[in-house]
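Here is what each chain is made of, one letter per residue.
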Amino acid sequence: MSTIAPVMQPAPKPQPARVPTDWTTTSMQGRIRRRYRSERRFRLLGAGAVLLSFAFLVFLLISMLGQGLRGFTQTELRLPMDFPAARLALDPATLAGPNARAALAAVDLEGATARAANRAYGTGGYKLLSDGAWLSVRSAIQADPQILTRRADIWVPTSTVIDLAAKGDADAEAEAGYRMLDARKAVRTSFSMAFLTGSDSTDPTLVGIWGALKGSLLTMFVTLILAFPIGVLSALYLEEYAARNRWTDLIEVSINNLAAVPSIIFGLLGLAVFLNFLDFPRSAPIVGGLTLALMTMPVIVIAGRNAIKSVPPSIRDAALGIGASKVQVVFHHVLPLALPGILTGTIIGMARALGETAPLLMIGMRAFIASPPGGLADPATVLPVQIFLWSDEVSRGFVEKTSAAIIVLLVFLLAMNGIAIYLRNRFERRW
């Protein structure tokens, strides 16, 4: 009978000696002090980052307000107009009839205004006036046709040089001219309603923001009525109805990628599809709204899906348990509860679209628009593009107008974000 040899086991490797943990009071206190020091360093770094961000914000606001608030004011010159001596061949009775516009257009009001300035302030007095000073004279005649029978003082906008001198931003010669006019009480600086009610112009003393603001409102209107319903319905379908397979995974990845695509790519898409293929009118709010809707829709879909996911499943189960259909569960329970988050994401996406410039430049919304748009198909521009165009002007008078337009844009954006915060706090429910 054979015997089985025993299997030799390898000798175990020697283990390093384990250093015992020092649990003494001195050691523990040292570790606690090091942990507290690291926490204090972290708090100091966080506070420093917040203070640095706040300092940059304050610097931005001070620089914008310092330049921009002056853009809301306009220096005016008191112009003595002797209408009977000017012999404008205008009858007050004619100006009260239907042919008043044609009668005013046939008269050289610009020349009469320049001659009145020369008589009042010497040869070259017309250089004190803005290029559109005669428009103030025309407005005075339209407001009171009887002014043609007497002499009257009309306040008209001054030239850019005098306006800058009144605001302390001109050379010594212009400053001396302004002081001479101020000594005669012939100039005044007041709030400019023309900046809020006018449109673009080549003269910085005549420019206004209303044309660009109205174009922004029309563009945002088209963007909202297209992107919001399509984005919300897409989010509802993907979360509540779509099956989980490779196709829905592909759609989700595509939506996430579209939200990160540079905005100028959407401008190229709008140029190719809406202008070149569909032949829509160039530089119109409807084209700008369609282009921005393509850019905003992925943001609304993502925000909508996150808001729908936040609704507790127990809400769905309870509605289904009492006999509600799938459509009733979605539209009577899930959507109302998710709506605050959807609206918040939508308004934030709209605010982002409002500040975009690159896609609108690609579709031609950088044209010189001298009058506000009357509809969705009329030529228009928007606030960011208007700011870009004014910042590229040579005249120094456009500097403060650019800053003033930035203030208007910031107020618009803050209003939209304020609405988003209000909707969130008003309708939000915590689970």
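- The name given to the protein in an unreviewed UniProt entry is Phosphate transport system permease protein PstA, and the organism recorded there is Sphingomonas arantia.
- Looking at the Sequence similarities (unreviewed entry) heading of the UniProt record, one finds this comment for the protein: "Belongs to the binding-protein-dependent transport system permease family. CysTW subfamily."

### A word on the pattern of salt bridges
Line of reasoning, step 1. This model, assessed by the stated rule, comprises twelve salt bridges.
Line of reasoning, step 2. Residues Arg188 and Glu76 are paired through a salt bridge, measuring 2.9 Å at the closest nitrogen-oxygen approach. Residue Arg188 is found in strand 3 (residues 187-191), and its partner Glu76 is found in strand 1 (residues 73-82); the two are separated by 112 residues along the sequence.
Line of reasoning, step 3. Between Glu252 and Arg305 there is a salt bridge, and its shortest N-O distance comes to 2.8 Å. Of the two residues, Glu252 is situated in helix 11 (residues 246-259) and Arg305 in helix 13 (residues 285-309); the sequence distance between them amounts to 53 residues. The pair formed by Glu252 and Arg305 is uniform in burial state, with each residue classed as buried.
Line of reasoning, step 4. Where salt bridges share partners, they join Arg70, Asp163, Lys167 and Glu400 into one cluster.

### Some points on the UniProt feature "transmembrane region" (unreviewed entry) in the protein
Line of reasoning, step 1. Under the UniProt annotation, "transmembrane region" (unreviewed entry) lies at residues 42-65, 217-238, 258-278, 284-308, 329-351 and 404-423.
Line of reasoning, step 2. Between the C-alpha atoms that bound residues 329-351 there is a distance of 31 Å. The span itself is 100% helix and 0% strand.

### Description of a positive patch on the surface
Line of reasoning, step 1. Residues Arg31, Arg33, Arg34, Arg37, Arg40, Arg41 and Arg43 make up a contiguous surface patch of positive charge.
Line of reasoning, step 2. By the secondary structure assignment, Arg34 is in helix 1 (residues 25-71).
Line of reasoning, step 3. Judged by its relative accessible area of 47%, Arg34 is partly exposed.

Scoring rules and cut-offs
Residues numbered from 1 in each chain as written. Predicted model: local features only at pLDDT ≥ 70, side-chain atom pairs only at ≥ 80, totals over all residues. Heavy atoms only, no water. UniProt positions renumbered as here; feature names shortened; annotations may be inferred. Salt bridge = Lys/Arg side-chain N within 4 Å of Asp/Glu carboxyl O. Helix = DSSP H or I, 4+ residues; strand = E, 2+ residues; numbered from the N terminus. Buried < 20%, exposed > 50% of the residue type's maximum accessible area, 1.4 Å probe, protein only. Patch = residues over 30% accessible without salt bridge, like charges linked within 9 Å, V, L, I, M, F, W, Y side chains within 5 Å. Areas by Shrake-Rupley, 256 points an atom, 1.4 Å probe, with all protein chains shown as cover. Lys, Arg positive; Asp, Glu negative; His and termini not counted. Charge placed at Lys NZ, Arg CZ, Asp CG, Glu CD.

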